[in-house]
Amino acid sequence: MSGAGVHGLTAGYAVNALDPEEAEAAERHLAECEDCRRDLADFRETAVRLAEAETREPRPEVWEGIRGAALRTRQLPPLAEEPGRARGGAVRLLPERTRWLPWLVAAACALVAVVLAGSLVSVNQRMDEEARHAAEMEALLAAPDTNMVEAPLGDARATVFASYEEDAAMLVVEGLPTAPPGMAYQMWWADEGGVRPAGMLKPSSNGRYSGMAENMGKPDELRVSLEPEEGSPEPTGEEMSVDM
Amino acid sequence: MRRTVGWDAGEASSPEEAGGGGPGGVDSLARLLRRTAAGDLAAFEELYRELSGTVFGIARRVLVDEAQAEEVCQEVFLEVWRTCARFDRSRGTVPAWVLTIAHRRAVDRVRSEQAASDRLAAAGRLEPEATPRDAVPDQVEHRLERERVRRCLGGLTETQREAVRLTYYTGYTQRQAADLLRVPLTTVKGRLRDGLIRLRDCLGVGV
């Protein structure tokens, strides 16, 4: 079964927009339809992105309330597997990218690297740095000619916000392998004049990397390579590129 | 009325441990959730730090009212604490699970209170706020995510955007949205589905 009816039900279910009876029908149908479960997972992941755009930290009291309530609340045990119930062992709804790369050990190393890097500068300096960075980003996003490009970068996925007027670009990459200790990702501008350094990428939340690339000029490509963490004058690692 | 069994809440957890995720990524959240299921309050707090901004943010967006959004935030994390041993990662990521609970609880409240007109008026805006009111510089990630979502919403047709706004952001059922817009239910279903597909592709989900 396919078409607007069923998929409309899946979309509506994903954003909690069904009446109770419809929701029950959707759940029955989802149990039978692997494609629909995949759609549902994708729609919910889409909704996560919509929600992330609304991010705002709650007051500290909220956690205190939750912590207190958790201490008084019994946790449910895992459900026992029901005999004879089809577990559908082949069904995997995890997005592909979560299986792209062997993150497991690297994740811990990256966290250590961030902490070490952070301890080298004073808190004040870091705040200034952050404020300056935020201001640059706001200027870039507000520039009338800012263009957004999304493209693969090696096996990862890059989003570039670029403005000729601001002579800068912001790069966010999702799905890059965590840089090994002592190494970092460096950005490069490539044009007919050659390749020039464009700044470093820093790890940010959700395993993404981001960085501001300045002195853009009129580049043909934005490239990224793995380099020693202090940066290199020219690329030494394997280069991945996005057409500009 | 709240559904407690669905494609997000119940059922046996997957034995699969393979998978990836960066720092703070999908995999480390799954690990935090497993530790939380074993009663580890420190892991639960870490999980809260990772997801509370998004949970509170979407609850606040749907409910408009800050106090109600805080209550929803508490309910959501308590439900996560209670039921996390039953999370099934083969059905989706930890953020998708937690935010589905959050959105459902927020729209349940909207529907039970049946919509004071001022709340509806306030919820009428579609785009994420362009300028964060927070005093601290917004995290790069959040600012860019907001910008990206704003642009992707801008890429929808007017009617698709309206369907997404009325359901996801305002908490209407598709049927209520159809009544409001005076169009057939199937029309709204189609617009919502097409809008979500376009957003999915624009936001690079599931590639």
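## Quick look at the overall build of chain B
Along chain B, the regular secondary structure elements total 9 helices and 0 strands. Each helix (α) and strand (β) of chain B, taken in turn from the N terminus, gives the series α-α-α-α-α-α-α-α-α. When each of the 207 residues of chain B is scored for burial, the buried share is 53%. Contacts in chain B between residues far apart in sequence, at least 24 positions, make up 65% of those at least 6 positions apart.

## Re the environment of Ala26 of chain A
All names here are of chain A. Within the secondary structure, Ala26 sits in helix 2 (residues 20-32). Considering only alpha carbons, one finds Ala26 and Cys36, 10 residues apart in sequence, at a separation of 9.6 Å. Apart from residues lying up to four places away in sequence, Ala26 is in contact with Leu9, Thr10, Tyr13 and Leu18.

## Looking at the nonpolar core
Core analysis: the largest hydrophobic core is formed by 74 residues, its most contacted members being Val55, Ala59, Val98 and Ala102 of chain B. Those residues in contact with Val55 of chain B that lie beyond four places of it in its chain are Cys73, Val76, Val98, Leu99 and Ala102 of chain B. With 31 residues, the next largest nonpolar core counts Ala162, Met170, Tyr185 and Leu226 of chain A among its residues.

## A look at the sheet that holds strand 8 (residues 221-228) of chain A
Across a sheet, paired strands are connected by hydrogen bonds in the backbone, their directions being either parallel or antiparallel. Residues and elements named next belong to chain A. An order of 5-4-8-9 is seen for the 4 strands of this open sheet, with the pairing classed as antiparallel. The two strands at the open ends of the sheet, each matched to only one other strand, are strand 5 (194-200) and strand 9 (240-243). Ignoring which end each strand starts from, the neighbouring axes of this sheet average 30° apart. Relative to strand 9, strand 8 runs antiparallel, the two being bridged by 4 bridges. The residue of strand 9 that forms the bridge with Val224 is Met240.

## Regarding unusual backbone geometry
A positive phi is found at Asn16 of chain A, a non-glycine position, where the angle reads about 55°. Position of Asn16 of chain A among the secondary structure elements: in the loop between helix 1 (4-14) and helix 2. Positive phi outside glycine occurs at Arg182 of chain B, with the angle close to 55°. Along the chain, Arg182 of chain B turns up in the loop between helix 8 (174-181) and helix 9 (185-202). With 7 C-beta atoms packed within 10 Å, Arg182 of chain B lands in the exposed category.

## Notes on the sheet that holds strand 3 (residues 168-174) of chain A
Residue and element names in this part refer to chain A. The 5 strands lie next to each other as 1-2-3-7-6, forming an open sheet whose pairing is antiparallel. Two strands close off the open sheet at either side, each with one partner strand: strand 1 (147-153) and strand 6 (202-203). Examined bridge by bridge, strand 3 and strand 7 (residues 208-214) share 7 bridges and lie antiparallel to one another. Bridged to Leu171 within strand 7 is Gly211.

## Describing helix 9 of chain B
An α-helical segment advances 3.6 residues per turn. Residues three or four places apart therefore align on the same side. Residues and elements named next belong to chain B. The end-to-end C-alpha distance of helix 9, which contains 18 residues, comes to 26 Å, matching closely the 26 Å that a straight helix rising 1.5 Å per residue would cover. Those residues of helix 9 lying buried are Val188, Lys189, Gly190, Arg191, Leu192, Arg193, Asp194, Gly195, Leu196, Leu199, Arg200 and Cys202. Directly beyond the C-terminal end of helix 9, a positive phi value near 70° is found at Gly204.

## Concerning the confidence of the model for chain B
Detailed reading of the predicted coordinates is not advisable wherever pLDDT falls low. All names here are of chain B. Across chain B, the average pLDDT comes to 80, with 73% of residues at or above 70. Averaged over each element, pLDDT in chain B is lowest for helix 5 (residues 117-122) (51) and highest for helix 7 (residues 158-169) (96). Between residues 1-24, whose pLDDT stays under 50, and residues either more than four places distant or in other chains, the model counts 65 contacts. Low pLDDT (under 50) marks residues 129-137, which in the prediction has 4 contacts with non-local residues, meaning those over four places away or in another chain. Under the prediction, the complex receives an ipTM of 0.81, its pTM being 0.65.

Criteria and cut-off values
Residues numbered from 1 in each chain as written. Chains lettered and ligands numbered in written order. Predicted model: local features only at pLDDT ≥ 70, side-chain atom pairs only at ≥ 80, totals over all residues. Helix = DSSP H or I, 4+ residues; strand = E, 2+ residues; numbered from the N terminus. Buried ≥ 20, exposed ≤ 12 C-beta atoms within 10 Å, placed from the backbone. Contact = placed C-beta atoms within 7 Å. Core = buried A, V, L, I, M, F, W, Y, C linked by C-beta atoms within 7 Å. Pairing = 2+ DSSP bridges. Axes fitted to C-alpha atoms, helices over the stretch in contact; angles between N-to-C directions. Expected span 1.5 Å × (residues − 1). pLDDT = per-residue confidence, 0-100.

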